[in-house]
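Listed below, chain by chain, are the residues.
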Amino acid sequence: MVQPARQVARKRHARIMLWSLLIVLAGSMLLPLGGYVYVAVNGAQAAERESSNHPGVNPRANYWRAVREGERGYTSASGLYTTDSLIQNGGEIWRETRNGPVSNITPWVLAAALLAIALFYLIFGPKTLSGEPTGRRMLRWTAGERLLHWYTAILFIVLAITGLSMLFGRAVLVPLLGLPGFSVWAELSITLHNYIGPLFMVGIIIEVVVWLPFNTFKSYDKVWLKRLGGMFRKDDHPPAGRTNAGEKIWFWLIATLGLIGVCVSGLVLDFPNFGQTRATMQLANVLHASLAVIWIAISFGHIYLGTLGLKGTFQGMSKGYVDEQWMKEHHSVWYEQVKSGQAEARPGEAGQQAAVRPGTATPH
Amino acid sequence: MARMKFLCDAERCIECNGCVVACKNENEVPWGINRRRVITLEDGLPGEKSISVACMHCTDAPCAAVCPVDCFYTTADGIVLHDKDLCIGCGYCFYACPFGAPQYPQREAFGVRGKMDKCTFCAGGPLPDNSDAEYEKYGANRIAQGKLPLCAEMCSTKALLAGDGDVVADIYRQRILKRGGRPKTWGWETAYPEGEA
């Protein structure tokens, strides 16, 4: 039987159509899966790059190393002092610093300051007036200034004693007082120190503001410094304004190291309620202790010069008045200014009275 | 004499906080003070690990080294305790401690913290063993009763181990042999440095 050519052609068309449909169907299902191949190949390549960059790294070891370095985690515990790091390494650094250099060097700083002052006193003795006292008094410090000075001075001494008790008490006072005895003293010390600190800071801020005008450096201060304030020669009296260059340095040390260093670090330690971290408080503690000891050491020099070291100085801060001769020798520039009327005896306070000018004050 | 140590097996801890609850209950720990806490690393991610942390009773305890009133002492069992009658609440032990163990009842202006409180390994304090005064200040004294800390006793997966360091290390060693992998005696190199008991 011969099939007609038309029939053959129709059969072929049907086959072609069937296969085309199958290819389209299979293709529409398989081709989208190609995305997976792409991702898989990409991932494998990335993994290979990764491993060739860091051969032999154990991810678990890295993980525990991060923990050892202070990595933080999550904790459901909540409390005032509850932390979320497994290990805090700063503590050991703080311990080594505080129990090491801070505790071991600072006593020598204080001892060296005292020894230097004692040696100076033994060798050179107190500085006395070159001329005869005139008996005429000049106002050196006003009542307000004296109040301010003694306010900070007394608080400073209390803070120094209580602060040093905290730093050296365990080594020095425990053998003397015993553990329970020293604990009572330490409790009192820390309480006084914590409450007096901010009051002291207020005093220091007022002092810096009030005494700033006459504590700026002038050209004659160079002469004073070059001659070391005339400390080592009997009748050497380099020029000075209301305060001499040495007093100005003391002023600026207090305004910088004292106020910014010691007082601010003290506030950080005093107010843990603001939630500062242990790391901040460790740093603040080391700064506070070491700078405060330097402050105390320099204060020894200040106290010596105000009392034993310079005859006639102490009454300037106790009674407010000094002898005209003292003023002439130790603060020559200011003396001239007051005498010529350029400066009042109380600089910075306009309109103060001439009653305190030399010659017009009542004899002492 | 035993050298008491804690060990938390990070492969076993499931962050159930059972140890925390046991501690708080046994020692009547005041609100806001956590003698023990569970810290979870990579929380919610693959490879998450939890560890229960308290005072590790260090060999060379940093808290004791920095205490200005020297109120810490180490018992014959190697447990680090402190005397709350001497403590002045200065916070130095909290600065120094690697594990964040020291806790205080308050945090107020002018450095007010109150007496420090921390894990005692359930060994009370310097007052007469198991007296009311001791319980009030330091919590339970299970050690004096021949028992181990309740946190570890209560641990449901036995992740937290407490007791003689040698025995604890042995148990942990057997686990490692069985399950393979590297040992991770977390915190031990910090608390118990090599060569020192």
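Residues numbered from 1 in each chain as written. Chains lettered and ligands numbered in written order. Predicted model: local features only at pLDDT ≥ 70, side-chain atom pairs only at ≥ 80, totals over all residues.

Caption draft 1: The arrangement of the overall build of chain B in detail. Within chain B one finds seven helices and six strands. Along chain B, from the amino end to the carboxyl end, the secondary structure elements read β-α-β-β-α-β-β-α-α-α-β-α-α. Considered along the principal axes of its C-alpha atoms, chain B spans approximately 50 × 40 × 30 Å. Split into buried and exposed, the 197 residues of chain B put 50% on the buried side. (Helix = DSSP H or I, 4+ residues; strand = E, 2+ residues; numbered from the N terminus. Buried ≥ 20, exposed ≤ 12 C-beta atoms within 10 Å, placed from the backbone.)

Caption draft 2: Broad picture of the overall build of chain A. A count of helical and extended segments in chain A gives 12 helices and two strands. Starting at the N terminus and ending at the C terminus, chain A contains elements arranged as α-α-α-α-β-α-α-α-α-α-α-β-α-α. Over its C-alpha atoms chain A spans a radius of gyration of 40 Å, topping by over 25% the 21 Å that the globule rule assigns to 364 residues. Principal-axis analysis of the C-alpha atoms gives chain A an extent of 160 × 55 × 35 Å. For chain A, the proportion of its 364 residues judged to be buried stands at 25%. At a minimum sequence separation of 6, the contacts of chain A that also span at least 24 residues come to 69%. (Rg over C-alpha atoms; globule rule 2.2 N^0.38 Å. Contact = placed C-beta atoms within 7 Å.)

Caption draft 3: Quick peek at the interface of chain B and chain A. Counting from both sides, the interface comprises 41 residues of chain B and, opposite them, 47 residues of chain A. Of all the elements in the fold, those that place two or more residues in the side of chain B that touches chain A are strand S2 (36-41), strand S3 (49-54), helix H2 (62-66) and helix H3 (92-96) of chain B. In terms of residue count, the dominant contributor to the side of chain B that touches chain A is S2(B) (five residues). Its residues placed into classes, the side of chain B that touches chain A shows 25 nonpolar, 10 polar and six charged. (Nonpolar A, V, L, I, M, F, W, Y, C, P; charged D, E, K, R; others polar.)

Caption draft 4: Seen up close, unusual backbone geometry. Residue and element names in this part refer to chain B. Within the chain, Glu 28 stands out as a residue other than glycine whose phi angle is a positive 50°. Along the chain, Glu 28 turns up in the loop between helix H1 (18-27) and S2. Using a count of 10 C-beta atoms within 10 Å as the deciding quantity, one classes Glu 28 as exposed. Its identity as a non-glycine residue notwithstanding, Cys 122 has a phi of 55°, on the positive side. Mapping Cys 122 onto the fold places it in the loop between H3 and helix H4 (132-138).

Caption draft 5: Molecular detail of the environment of A:Glu336. Relative to the elements of secondary structure, A:Glu336 occurs in helix H12 (residues 332-340). Counting along the chain gives 106 residues from A:Glu336 to A:Gly230, while the straight-line C-alpha distance between them is 19 Å.

Caption draft 6: Just the packing of helix H8 (residues 245-270) of chain A against helix H9 (residues 278-309) of chain A, in detail. Residue and element names in this part refer to chain A. Two numbers describe how H8 lies on H9: the axes approach to 8 Å, and their chain directions differ by 145°. Crossing of H8 over H9 shows left-handed handedness. Where H8 abuts H9, its residues Trp 250, Leu 253, Leu 257, Gly 258, Gly 261, Val 262, Ser 265, Gly 266, Val 268 and Leu 269 lie against Thr 280, Met 281, Ala 284, Asn 285, Leu 287, His 288, Leu 291, Ala 292, Ile 294, Trp 295, Ile 298 and His 302. (Axes fitted to C-alpha atoms, helices over the stretch in contact; angles between N-to-C directions. Left-handed = near helix turned anticlockwise from the far one by under 90°.)

Caption draft 7: How the structure looks around the nonpolar core. Core analysis: the largest hydrophobic core is formed by 71 residues, its most contacted members being B:Cys93, B:Cys151 and B:Leu160. In contact with B:Cys151, other than residues within four places in its own chain, are B:Cys19, B:Ala22, B:Cys23, B:Arg36, B:Leu160 and B:Ala162. In terms of nonpolar packing, the next biggest core, distinct from the first, is built from 15 residues, A:Phe200, A:Met201, A:Leu291 and A:Ile296 among them. (Core = buried A, V, L, I, M, F, W, Y, C linked by C-beta atoms within 7 Å.)

Caption draft 8: Expanded view of the pairing of S2(B). All names here are of chain B. Summarising burial for S2: five of the six residues are buried, a large majority. Where S2 lies against S3, six bridges are found, and the strand directions are antiparallel. Paired with Leu 41 across the strands is Lys 49, a residue of S3. (Pairing = 2+ DSSP bridges.)

Caption draft 9: Spotlight on the packing of helix H6 (residues 174-211) of chain A against H8(A). Residues and elements named next belong to chain A. Where H6 contacts H8, the axes come no closer than 10 Å and their chain directions differ by 150°. With respect to each other, H6 and H8 are oriented roughly antiparallel. Of the two elements, H6 crosses H8, and the hand of that crossing is left-handed. Within the contact between the two elements, H6 uses Asn 194, Gly 197, Pro 198, Met 201, Ile 204, Ile 205, Val 208 and Trp 211 and H8 uses Phe 251, Ile 254, Ala 255, Gly 258, Leu 259, Cys 263, Gly 266, Leu 267 and Asp 270. Here the contact of H6 with H8 is composed, by residue class, of 12 nonpolar, four polar and one charged. (Parallel < 35°, antiparallel > 145°, perpendicular 65-115°, else oblique.)

Caption draft 10: How the structure looks around H1(B). Every buried residue of H1(B) is listed here: B:Cys19, B:Val20, B:Ala22, B:Cys23, B:Lys24 and B:Asn27. Looking one or two residues beyond H1(B), the residue adopting positive phi is B:Glu28, at roughly 50°.

Caption draft 11: Up close: the confidence of the model for chain B. The predicted model of chain B has a mean per-residue pLDDT of 94, with 98% of residues at 70 or higher. The complex prediction reports pTM at 0.83, with the ipTM value standing at 0.92. (pLDDT = per-residue confidence, 0-100.)

Caption draft 12: The arrangement of the environment of A:Ser265 in detail. Residue and element names in this part refer to chain A. Position of Ser 265 relative to the elements: it lies in helix H8. Assessed through the 22 C-beta atoms surrounding it within 10 Å, Ser 265 is described here as buried. The spacing of Ser 265 and His 288 is 23 residues in sequence and 5.6 Å in space, taken between C-alpha atoms. Dropping the residues within four chain positions of it, Ser 265 is found in contact with Ala 284, Leu 287 and His 288.

Caption draft 13: Spotlight on H9(A). The terminal C-alpha atoms of H9(A) lie 44 Å apart, and with 32 residues this matches the ideal 46 Å at 1.5 Å per residue to within 8%. Along its length, H9(A) reaches its greatest deviation from straightness, about 25°, at A:Ile303. (Expected span 1.5 Å × (residues − 1). Bend = angle between axes of the 7 residues up to and from the residue.)

Caption draft 14: A look at the confidence of the model for chain A. Taken residue by residue, chain A gives an average pLDDT of 88. The fraction at 70 or more is 91%. Within the model, the stretch residues 346-364 of chain A combines pLDDT values under 50 with 32 contacts to residues more than four positions away or in other chains.

Caption draft 15: Seen up close, the environment of A:Phe156. Residues and elements named next belong to chain A. Looking at the secondary structure, you find Phe 156 in helix H5 (residues 143-172). A residue is classified by how many C-beta atoms lie within 10 Å of it, and Phe 156, with 20 of them, is buried. For Phe 156, the contacting residues outside a window of four places in its chain are Phe 200 and Ser 299.

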